[in-house]
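# Coordinate inspection notes
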Amino acid sequence: MRFSNIIASLGFAFLSSVAVSASAQTTTVPSGCSWTLVSQQSGPSSAIITMACKLNGVSLATREQRYSAYSPATCSIQWVASGYTWSGSCDSAQILKVVPVSPTSCNTGASTIYQPGPGTPAFNVAAFCGTGCPYSVQPQANYSFPPLKYTCL
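Residues numbered from 1 in each chain as written. Predicted model: local features only at pLDDT ≥ 70, side-chain atom pairs only at ≥ 80, totals over all residues. Heavy atoms only, no water.

### Describing the pattern of salt bridges
Test applied: Every case where a carboxyl oxygen of Asp or Glu lies within 4 Å of a side-chain nitrogen of Lys or Arg is listed as a salt bridge. Think of it in three bands: with a 1.4 Å probe and only protein chains considered, a residue is buried below 20% of the maximum accessible area for its type, exposed above 50%, and partly exposed in between.
Tallied over the entire structure, the rule returns one salt bridge. Between Glu 64 and Arg 66 there is a salt bridge whose closest N-O contact spans 2.7 Å. Relative accessible area serves as the criterion here: at 39%, Arg 66 is assigned to the partly exposed category.

Encoded structure:
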């Protein structure tokens, strides 16, 4: 099998998975939790700070920030509760609650062709089909950045 065929096959597999996951009818809303200090470990040239994002005393996520005199500071989200996700940079992460969305008005049957490419913004499917509405994506060619046909289901 030629390398270009392998790449095309992988692209089709990826786009098929996008179409399946795109039909999930959820959105995110701010959880309302606040970051609070859990622990702080300090040494002569380093520190580790662990924080939790708490809502009404319940931890929804934890993050760890490491500082060292000898290397750049690092930050990582260590854990997020089921039903939540996070966005933004680790240092100022916002914890979001994943909530179901009832499709109110879907643009069923509508389709359009979108030409992606390096530096082009992602196609806004929610604006085209409706928030939470199912859709499919079909590549229209077998090369890098092929035109994509979006169809609202």
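Next, the rest of the story.
### What about the packing of aromatic side chains?
What describes a pair of aromatic rings is the distance from one ring centre to the other and the angle between the planes of the rings. The condition that has to hold: Aromatic rings from Phe, Tyr and Trp, taking only the six-membered ring of Trp, are treated as a pair when their centres fall within 6.5 Å; an angle between ring planes under 30 degrees marks them as stacked, one over 60 as edge-to-face, and anything in between as tilted. Ring-over charges, as used throughout, are those where CZ of Arg or NZ of Lys falls within 6 Å of the ring centre and within 35 degrees of the ring normal.
Evaluated as defined, the whole model comprises four aromatic pairs. One aromatic cluster is present, built from ring pairs that chain together Tyr 114, Phe 123, Phe 128, Tyr 135 and Tyr 150. Geometry around Trp 35 places Arg 63 over its ring, the cationic atom sitting 4.2 Å from the centre.

### Overview of the pairing of strand E9 (residues 135-139)
Rules: For the purposes of this entry, the term helix denotes a DSSP run of H or I that reaches at least four residues, the term strand denotes a run of E that reaches at least two, and both are numbered from the N terminus. Strands qualify as paired when DSSP identifies two bridges or more between them.
Where burial is concerned, most of E9 is hidden: four out of the five residues are buried. Two strands pair when backbone bridges link them, and E9 and strand E10 (residues 148-152) are joined in this way by five bridges, in the antiparallel orientation. Following the sheet pairing, Gln 138 is matched in E10 by Lys 149.

### A word on the sheet that holds strand E3 (residues 46-55)
Going by this rule: Axis lines are fitted to C-alpha atoms, over the contacting stretch for helices. Their N-to-C directions set the angle, which ranges from 0 to 180 degrees.
Sheet architecture is open: four strands sit in the order E2-E3-E4-E5, paired in antiparallel fashion. Because the sheet does not close on itself, it has two edges, and the strands there are strand E2 (34-42) and strand E5 (74-80). Here the strands of the sheet are splayed against their neighbours by 20° on average, with no regard to which way each runs. Pairing of E2 with E3 involves eight bridges; the strand directions are antiparallel. Bridge pairing in E3 links Ser 42 to Ala 47.

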